[in-house]
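As a plain string of letters, each chain reads:
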Amino acid sequence: MNPSSLTPLTIRVILPYHLRNLAHVGPEVALQVVEPVTIRRVLDAIETAYPMLRGTIREYETGQRRPFLRFFACAEDWSLESVDKSLPSAVSEGKEPLLIIGAIAGG
Amino acid sequence: MKGSPIDPNRIYASQTSGWFGQLLQCSNDGGNTWEQPGVKPDEAPLSWPPAKSNRFLYDLSPETGKPLTTHQWYDGTQHPWEFKRVWHLEPLLSDAETVYTGVEDAALFRSTDGGKNWHELAGLRGHGTGPAWQPGAGGMCLHTIILDTANPDRIYIAISAAGAFRTDDGGLTWKPINKGLVSNMIPDPTAEVGHCVHHIAMNPSRPGVLFMQKHWDVMRSDDAGDNWHEISGNLPTDFGFVIDVNAHEPETLYVVPIKSDSEHFPLEGKLRVYRSKTGGNEWEPLTKGLPQQDCYVNVLRDAMAVDSLDQCGVYFGTTGGQVYCSSDAGDNWQPIVHDLPAVLSVEVQTLA
């Protein structure tokens, strides 16, 4: 394996409002993720850094994304993609954030 | 929401949303600040893996659990058990770290570490009648937990729409306690389970005497739920959600009659608490300070509380966002706040 691939990359993630409050963070957080940068690895990093968010984005048992949350990257909807698919290089290079967005439900 | 009986600074609260699921919040300073137990923001978690205060996993283990059966759906078919939310929190009388929760789909959980981790008391869900339980209009929720003040191994719970249940061995085994309940909306009105119990109250000084607001009917048991009899008496309607007992007069009861199961507001738009000083059957309306026209609110099952001051204070909240208080056992009322969202839970503490 290329040693450089073990060097964590800094990934930007934008969290929904209520999760920012739970974690006491601002709108955007920076996380260290080793390549390949996938949604699963980003969520693992979020839950390690902010354990109060465990169970709020994906289910404990199944790892399923909660139904009212969606993932966007580079203006594309990644909600239904495999969580093991590599995110766009703009995300892994830190140029673009991964967006975790709550569905507009309730008005 | 519920405060610890022995530590008023310790308050537990449940939050649920479709977006982020179940959250459990705890305050250690009387409600000034809140955190999810064991994972305080800006601090390293107390353990790794971190506490899972929002994880309610039905216990299916061979040692302590029960197979996850199905329960009755609205249309009579069988439906799998699915965790949805926490309805009620009940801290132990003698230990602020131990707390019970009633959840939907109906099950009882316990934490012994201040809400950091939860374990199901699976003997309730699995005791045998589970497949006959069915959800009420609000879901199949375990909404009432009463800890017996004389016998630490005795707990009463109630489920909509399964009925009331009791354990005498600390939660290991359970039995339905619905004898005497009559529910005309179910195929067998006197069935062992299937009754839509809305709430149960007990005066802590007189364990074993229980008062119940059922879907329809106000009921009483003098033998720890083994037998119930109706005490609706002269109530103008005996549908309702809340029921409570005066802190000092164990025969003084409070209910808020609601017009019907179809129309969830007070009769004639008059918000009236009814009080019985005779343990039921004879009821008087309490109206002073309460709106007596054009009032179309409901009072939900956990939204009434009493304090322990000399003249028992009585408090209740409405779906219209008012909280009313009577400092003289119900004779006179005044709103203490009136523009909240719908009030789901009212908790009162007497602070020195």
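Residues numbered from 1 in each chain as written. Chains lettered and ligands numbered in written order. Predicted model: local features only at pLDDT ≥ 70, side-chain atom pairs only at ≥ 80, totals over all residues.

A. Representation of the overall build of chain A in the model. A count of helices and strands for chain A gives three helices and five strands. When the helices and strands of chain A are read in sequence order from the N terminus, they spell out β-α-β-α-β-β-α-β. For a compact globule of 107 residues, the expected C-alpha radius of gyration is about 13 Å, and chain A comes in at 13 Å, within 12% of that figure. Summarising its shape, the C-alpha atoms of chain A cover approximately 50 × 30 × 25 Å along the three principal directions. When the 107 residues of chain A are sorted by exposure, 34% land in the buried category. Restricting the contact set of chain A to residue pairs at least 6 apart, pairs at least 24 apart contribute 58%. (Helix = DSSP H or I, 4+ residues; strand = E, 2+ residues; numbered from the N terminus. Rg over C-alpha atoms; globule rule 2.2 N^0.38 Å. Buried ≥ 20, exposed ≤ 12 C-beta atoms within 10 Å, placed from the backbone. Contact = placed C-beta atoms within 7 Å.)

B. Representation of the sheet that holds strand β16 (residues 218-221) of chain B within the structure. Taken together, the four strands give an open sheet; going across it, the order is β14-β15-β16-β17 (chain B), and neighbouring strands pair in antiparallel fashion. Two strands close off the open sheet at either side, each with one partner strand: β14 (197-202) and β17 (229-230) of chain B. (Pairing = 2+ DSSP bridges.)

C. Highlighting the sheet that holds strand β4 (residues 76-77) of chain A. Residue and element names in this part refer to chain A. Sheet architecture is open: five strands sit in the order β2-β1-β5-β3-β4, paired in mixed fashion. Every other strand in the sheet has two partners, leaving β2 (28-33) and β4 as the edge strands with one partner each. With two bridges joining them, strand β3 (residues 69-73) and β4 adopt antiparallel strand pairing. Bridge pairing in β4 links Phe72 to Asp77.

D. Main features of the nonpolar core. In this structure, Val42 and Leu98 of chain A together with Ile157 and Ile200 of chain B are the most contacted members of the largest nonpolar core, which totals 117 residues. Not counting the four nearest positions on each side in its chain, Val42 of chain A is found in contact with Ile11, Val13, Leu31, Val33, Val37 and Leu98 of chain A. (Core = buried A, V, L, I, M, F, W, Y, C linked by C-beta atoms within 7 Å.)

E. Representation of the confidence of the model for chain B in the model. Mean pLDDT over chain B: 96, with 100% of residues reaching 70 or higher. The ipTM, which scores confidence in the relative placement of chains, is 0.89 for this predicted complex, and the corresponding pTM is 0.95. (pLDDT = per-residue confidence, 0-100.)

F. Structural detail: the pairing of strand β23 (residues 314-317) of chain B. Residues and elements named next belong to chain B. Alternating residues of β23 divide into Val314 and Phe316 and Tyr315 and Gly317, and every residue in both groups is buried. Pairing analysis gives three bridges linking strand β22 (residues 304-306) to β23, with the strands arranged antiparallel. When the bridges of β23 are listed, Ala305 appears paired with Tyr315. Relative to strand β24 (residues 323-326), β23 runs antiparallel, the two sharing four bridges. Bridging from a neighbouring strand, Tyr315 pairs with Cys325 of β24. Taken together, β23 and the strand that follows it, β24, pair antiparallel across an intervening segment of five residues, in which Gly321 is found at a positive phi of about 90 degrees.

G. Just the interface of chain A and chain B, in detail. Listed per partner, the contact involves 17 residues of chain A and 14 residues of chain B. Among the elements that line the side of chain A that touches chain B, the one with the most residues is helix α1 (residues 17-23) of chain A, at four residues. For the side of chain A that touches chain B, the class distribution of residues is nine nonpolar, five polar and three charged. (Nonpolar A, V, L, I, M, F, W, Y, C, P; charged D, E, K, R; others polar.)

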